[in-house]
Amino acid sequence: MNSTDASLPRLRLRVGAKEDATVVECSGRLTADVAAILRNEVRYLIPRSKRIIIDLTDLTHMDSSGLGALVGLYVSARRASCELRLINLNKQVRELLGMTNLLSVFETCGQFFIKMP
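Just so it is clear, the model here is predicted, and its values are computed rather than measured. Starting afresh in each chain, residues are numbered from 1 along the sequence in its written order. Given that this is a predicted model, residues contribute local features only at a pLDDT of at least 70 and side-chain atom pairs are listed and counted only at 80 or more, while totals for whole chains, interfaces and linings are drawn from all residues. Only hydrogens and water are set aside when side-chain values are computed; all heavy atoms of the structure are taken into account.

Participant: Sorry, what's going on with the overall build of the protein chain here?
Facilitator: Numbering of helices and strands runs from the N terminus, with a helix taken as a DSSP run of H or I at least four residues long and a strand as a DSSP run of E at least two residues long. The helix and strand inventory of the protein chain stands at 3 helices and 5 strands. Starting at the N terminus and walking to the C terminus, you meet the elements of the protein chain as β-β-β-α-β-α-β-α. Partly exposed describes any residue whose relative accessible area lies between the buried limit of under 20% and the exposed limit of over 50%, with all areas from a 1.4 Å probe on protein chains only and scaled to the type maximum. By the burial criterion, 44% of the 117 residues in the protein chain qualify as buried. Summarising the internal contacts of the protein chain: among those between residues at least 6 apart in sequence, 65% fall at separations of at least 24. Carbon together with sulfur atoms contributes 52% to the accessible area of the protein chain, which is approximately 6000 Å² in total. Residue contacts follow a heavy-atom distance rule, with two residues in contact if any of their heavy atoms lie within 4.5 Å. Each accessible area is a Shrake-Rupley result for a 1.4 Å probe, and residues are judged covered by the shown protein chains and nothing else.

Listed below in structure tokens is the structure:
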């Protein structure tokens, strides 16, 4: 998938550049039936970017498959010397990462807000 706007059931991705990073804005639900959409889009970006920020501002729910997709992307990015960061984690996502002891694995940028034009 190589589009700047990927509209599919339950998950919407918007990809753009912001300063020195590629930003992937996620909205909707990141669940088993759509986790591959995020995984494929970001895997395409990894060799083309030194820094990828996944903005979860508008993510309403994430299940274990969504978590698995993020972990897999983190590993792929590290192997390619690409920095992968998560920003704007909602309470449910933060709790899921905390329960699985993965919160510290992701280099979170805090709660600041980056919106693409």
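Participant: Whenever I open this one, the packing of aromatic side chains confuses me. Can you help?
Facilitator: Given two aromatic rings, one states the distance between the centres and the angle between the planes to describe the pair. For this analysis, a ring pair means two rings from Phe, Tyr or Trp (six-membered ring only for Trp) whose centres lie within 6.5 Å, classed as stacked if their planes differ by under 30 degrees, edge-to-face if by over 60, and tilted for the remaining angles. Per the stated rule, a full pass over the model turns up 0 aromatic pairs. Charge over a ring is defined by NZ of Lys or CZ of Arg lying within 6 Å of the ring centre and within 35 degrees of the ring normal. Above the plane of the ring of Tyr44 lies Arg48, whose end atom (NZ or CZ) is 3.8 Å from the centre.

Participant: Honestly, the packing of helix α1 (residues 35–45) against helix α2 (residues 64–79) in this entry has me stumped. Any pointers?
Facilitator: Only the contacting stretch of a helix is used when fitting its axis, a line to C-alpha atoms as for every element, and angles between N-to-C directions run 0 to 180 degrees. Between α1 and α2, whose axes approach to 9 Å, the crossing angle comes to 15 degrees. What the angle tells us is that α1 and α2 run roughly parallel. As for the relative orientation of α1 and α2, their crossing is right-handed in sense. Together, Ala35, Leu38, Arg39, Val42 and Arg43 of α1 and Ser65, Gly66, Ala69, Leu70, Leu73 and Ser76 of α2 make up the contact between the two elements. Our angle categories are set so that under 35 degrees counts as roughly parallel, over 145 as roughly antiparallel, 65 to 115 as roughly perpendicular, and the remainder as oblique. Helix crossings fall into two classes, left-handed where the near helix is turned counterclockwise from the far one by less than a right angle and right-handed where it is turned clockwise.

Participant: Honestly, the confidence of the model for the protein chain in this entry has me stumped. Any pointers?
Facilitator: Caution applies to low-pLDDT parts of the model: their predicted coordinates are not meant to be read in detail. Confidence of the predictor in every single residue is expressed as pLDDT, which spans 0 to 100. With 83% of its residues at a pLDDT of at least 70, the protein chain reaches an overall mean of 85. Across residues 1–9, where pLDDT falls below 50, the model places 21 contacts with residues more than four positions away in sequence or in other chains.

Participant: Mind showing me how you'd approach α2 here?
Facilitator: Because the α-helix completes a turn every 3.6 residues, residues three or four places apart line up on one side. The end-to-end C-alpha distance of α2 is 23 Å, a good match for the 22 Å that 16 residues give at a rise of 1.5 Å each. Along α2, the residues classified as buried are Gly66, Leu67, Ala69, Leu70, Leu73, Tyr74 and Ala77. The arc that holds the buried residues of α2, viewed along the axis, is 155 degrees, so those residues lie on one side. Within α2, the exposed residues directed more than 90 degrees away from the buried face are Ser64 and Arg79. Summarising the contacts, the buried residues of α2 are in contact with β3 (21–30), α1, β4 (51–62), β5 (83–87) and α3 (91–99). In protein, a polar contact requires one atom able to donate a hydrogen and another able to accept it; more generally it is a pair of N or O atoms within 3.5 Å, and residues adjacent in sequence count only if both atoms are side-chain atoms. Capping of α2 at its N-terminal end is provided by Asp63; its side-chain oxygen lies 3.0 Å from the backbone amide nitrogen of Ser65. Once α2 ends, the next one or two residues include Ser81, with phi positive near 55 degrees. One less than the residue count of a helix, multiplied by 1.5 Å, gives the span that helix is expected to have. The directions considered for the arc are those from the helix axis to the C-beta atoms.

Participant: Just to check I follow, could you spell out the pattern of salt bridges for this structure?
Facilitator: Any two side chains of opposite charge can pair if their charged atoms end up close together. By convention in these notes, a salt bridge is any Lys or Arg side-chain nitrogen within 4 Å of a carboxyl oxygen on Asp or Glu. Considering all chains together, one arrives at 6 salt bridges under this definition. Put simply, Lys91 and Glu95 hold a salt bridge, and the shortest N to O gap is 3.9 Å. Here Glu95 and Lys91 lie together in helix α3, a separation of 4 residues that amounts to about one turn. Take Lys91: its relative accessible area is 63%, and that puts it in the exposed class. Residue Glu95 is classed as partly exposed on the basis of its relative accessible area of 44%.

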